[in-house]
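Structural overview
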Amino acid sequence: MSKLKKALTKAKQERSQEEVTSLGNALKKIRRQEPDAPPPGPAVARPVGRKDRCRREVNVEYRVTRVRPVDPNVLRKNKLFTLFKDNKITDHFDLIKARVLKKLDKAGGNCLIVTSANPGEGKTFTSINLGISIAREHNRTALVIDCDLRNPWRRHYDFASDFFELPVECGLVHYLEKKARAEEIFINPGIAKLTIIPAGKVAPNSAELLGSPRMEALIEDLKVRYGNERIIILDCPAVLACADPLILSQFADGILFVVESERTAQEELKKAMSLFAEEGKIIGAILNKTRTDEDRIPD
Ligand SMILES: Nc1ncnc2c1ncn2[C@@H]1O[C@H](COP(=O)(O)OP(=O)(O)OP(=O)(O)O)[C@@H](O)[C@H]1O
Ligand SMILES: [Mg+2]
């Protein structure tokens, strides 16, 4: 038998062996095979499981990502409701998730941009709640990146501190300025299969950083490393406030607009959406902060 044939037969035998091995053994085997820090690039969460892509269960073991468990009461206080099953908002986000995943799968991609016309309409609220909802899917993980580097509204800082109340030592800006390594900027806030990358600090030259080859390489690597198993959500600033979402749209497989009920003017929304018209990546808009009984925020 030729060397090539032998290698193929061996690989085949190993694969079938792997399929019948108990999960524990399979995990050990895969862990052994994976280097601690696969160069190049920033993959930090290690999905393990069987090879069949469509419905396989994803388990993640964080070995490089910093795990910073956040008190669930803090998450609830900061309106990260989708972690809890006792409210209508979780149901709404689960529905949005289903539609978003369907559209991303149809587009053959895994990178979603969340933006809106104006500041404060609920982009970060949407990005993180959607990320948590996606992470609850048995075959997906979610990575939410704070791409609001300019903080145009000046009423908040970094989503890691605002929504998770985590101290932010470094983030995307540090990485893009070559002041941090990729593995230093990922945080798991104690929610299974959810990873976040904080902005880290304000960057007045945000357009330059977000359009840099380093950003492109980072996103491209994140996109391909686990395929559509990992959904990447880029939490962007408002598009009428700065051009950064337009720069980021090159990475998007889908763009989701947040519209604030009784606040976002129709003309503003039209103008904001028209800025992305050429790319044809807008997958929908969600109406946020409605005040019907059903949507009322739980205590
Ligand atoms: N559906 C909602 N119900 C209640 N509060 C909400 C809702 N959506 C957003 N908020 C709150 O409104 C405020 C602004 O939301 P958020 O930070 O998500 O907006 P944003 O669009 O990301 O703002 P920015 O443009 O400044 O980044 C936050 O305090 C958030 O908790
Ligand atoms: Mg925001």
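The structure reproduced in this document is the subject of the present report. (Residues numbered from 1 in each chain as written. Chains lettered and ligands numbered in written order. Predicted model: local features only at pLDDT ≥ 70, side-chain atom pairs only at ≥ 80, totals over all residues. Heavy atoms only, no water.)

1. A few points about the overall build of the chain
Where we set the bar: Numbering goes from the N terminus for both helices and strands, where a helix is a DSSP run of H or I of at least four residues and a strand is a run of E of at least two. Exposure classes here rest on a 1.4 Å probe applied to the protein chains alone. A residue is buried below 20% of its type maximum, exposed above 50%, and partly exposed in between. For this analysis, residues touch if any pair of their heavy atoms sits within 4.5 Å. To measure how exposed things are, a 1.4 Å probe is used in the Shrake-Rupley method; for residues, cover is taken only from the protein chains shown.
When you go through the chain residue by residue, the secondary structure sums to eleven helices and ten strands. Across the 299 residues of the chain, 52% fall into the buried class. Taking the intrachain contacts of the chain between residues at least 6 apart in sequence as the baseline, contacts between residues at least 24 apart amount to 77%. When the accessible surface of the chain is summed, it comes to about 14,800 Å², and 52% of that surface belongs to carbon and sulfur atoms.

2. A word on the packing of helix α4 (residues 88–107) against helix α5 (residues 123–135)
Put simply, the test is: The axes are straight lines fitted to the C-alpha atoms, using for helices just the contacting stretch, and the angles between their N-to-C directions are given from 0 to 180°. Angle categories are assigned with fixed cut-offs, so that under 35 degrees is roughly parallel, over 145 is roughly antiparallel, 65 to 115 is roughly perpendicular, and the rest are oblique. Asp, Glu, Lys and Arg are counted as charged, while Ala, Val, Leu, Ile, Met, Phe, Trp, Tyr, Cys and Pro are counted as nonpolar; the rest, among them Gly, fall into the polar class.
Following both chains from N to C, one finds α4 and α5 inclined at 80°, their axes separated by 9 Å at the closest point. As judged from the angle between their axes, α4 and α5 are roughly perpendicular. Between α4 and α5, the contacting residues are Ile89, Phe93, Asp94, Ile96, Lys97, Val100 and Leu101 on the first element and Phe125, Thr126, Asn129, Leu130, Ser133 and Ile134 on the second. When the residues that make up the contact of α4 with α5 are grouped by side-chain class, the tally is eight nonpolar, three polar and two charged.

3. As for α5
Note the following rule: How far a helix is expected to stretch is found by multiplying one less than its residue total by 1.5 Å.
For α5, with 13 residues, the first-to-last C-alpha span of 18 Å sits near the 18 Å given by 1.5 Å per residue. By the criterion of burial, α5 is predominantly enclosed, with 13 of the 13 residues buried.

4. Observations concerning the environment of Glu279
What counts here: Pairing of N or O atoms within 3.5 Å defines a polar contact, subject to two protein rules: one partner must be a possible hydrogen donor and the other a possible acceptor, and residues neighboring in sequence count only if both atoms are side-chain atoms.
Among the secondary structure elements, Glu279 is positioned in the loop between α11 (266–274) and β10 (282–288). For the pair Glu279 and Ile255, spaced 24 residues apart in sequence, the C-alpha to C-alpha distance is 10.0 Å. Setting aside residues up to four positions removed in sequence, Glu279 forms contacts with Ser249, Gln250 and Ile255. In this structure the side chain of Glu279 is engaged in a polar contact, spanning 2.7 Å, whose partner is the side chain of Ser249.

5. Things to note about a nonpolar patch on the surface
Note the following rule: Patch definition: residues above 30% relative accessible area lacking any salt bridge, with like charges linked at up to 9 Å and the nonpolar side chains Val, Leu, Ile, Met, Phe, Trp and Tyr linked at up to 5 Å. Only one rule defines a salt bridge in this text: a Lys or Arg side-chain nitrogen within 4 Å of an Asp or Glu carboxyl oxygen.
There is a patch of nonpolar side chains on the surface, built from Leu240, Leu246 and Leu275 and spanning about 210 Å² of accessible area. Along the chain, Leu275 turns up in the loop between α11 and β10.

6. What to know about the packing of aromatic side chains
To keep things clear, this is the line we draw: Only the six-membered ring of Trp is used, alongside the rings of Phe and Tyr, when aromatic pairs are assigned; centres must lie within 6.5 Å, and planes under 30 degrees apart are stacked while those over 60 apart are edge-to-face, with the rest tilted. In our convention, an over-ring charge means Lys NZ or Arg CZ found within 6 Å of a ring centre and within 35 degrees of that ring's normal.
Following the criterion strictly, the structure yields two aromatic pairs and no others. Look at Phe257 and Phe276: their rings are 5.8 Å apart centre to centre, the planes differ by 75°, and that puts the pair in the edge-to-face class. Of this pair, Phe257 sits in strand β9 (residues 254–260) while Phe276 sits in the loop between α11 and β10, and the two are 19 residues apart along the sequence. In terms of burial, Phe257 and Phe276 fall into one category: buried. We note Arg76 situated over the ring of Phe84; from NZ or CZ to the ring centre the distance is 4.1 Å. If you follow Arg214 out to its NZ or CZ, it ends over the ring of Tyr175, 4.0 Å from the centre.

7. Topic: the nonpolar core
Most often, soluble globular proteins have nonpolar side chains that are buried together. Our working definition: Nonpolar core, defined: a set of buried Ala, Val, Leu, Ile, Met, Phe, Trp, Tyr and Cys residues in which side-chain atoms within 4.5 Å join the residues together.
Within the largest apolar cluster, 38 residues are counted, with the highest numbers of intra-cluster contacts made by Ile145, Leu172, Met215, Leu222, Leu234 and Leu248. Sorting the residues of this core by element identifies β4 (111–116), β5 (141–146), α7 (172–176), α8 (206–210), α9 (213–225), β8 (230–235), β9 and α11 as the ones contributing at least two each. Other than its neighbours up to four places away in sequence, Leu172 contacts Ile145, Asp146, Cys147, Leu149, Ile185, Ile197, Pro198, Ala199, Gly200, Leu210, Met215 and Leu218. If you look at the next biggest cluster of nonpolar residues, it comprises 36 residues, including Leu75, Leu130, Ile134 and Ile231.

8. Quick notes on the pairing of β10
Each regular strand displays side chains that alternate between the two surfaces of the sheet. Condition: A pair of strands is considered paired only if DSSP assigns at least 2 bridges between the two. Here the term right-handed applies to a crossover when the path leading from its first strand over the helix to its second strand runs clockwise, the strands being oriented away from the viewer.
The pairing of β9 with β10 spans six bridges and is parallel. Within β10, the position partnered with Phe257 by the bridge is Ala285. Regarding the hand of the β-α-β motif, the stretch spanning β9, α11 and β10 is right-handed.

9. Quick look at a positive patch on the surface
Filter applied, for reference: Positive charges are assigned to Lys and Arg, negative charges to Asp and Glu, while His and the chain termini are left out of the count. Charge placement uses NZ in Lys and CZ in Arg. For Asp and Glu, CG and CD serve respectively.
A surface patch of positive charge is lined by Arg99, Lys102, Lys103 and Lys106. Structurally, Lys102 can be placed in helix α4.

10. Thoughts on unusual backbone geometry
The phi dihedral of Glu165 is positive, around 55°, even though this residue is not glycine. For Glu165, the position within the fold is in the loop between α6 (159–164) and α7. Here Lys289, not a glycine, exhibits a phi torsion of approximately 60°, which is positive. When its relative accessible area of 37% is taken as the criterion, Lys289 is described as partly exposed.

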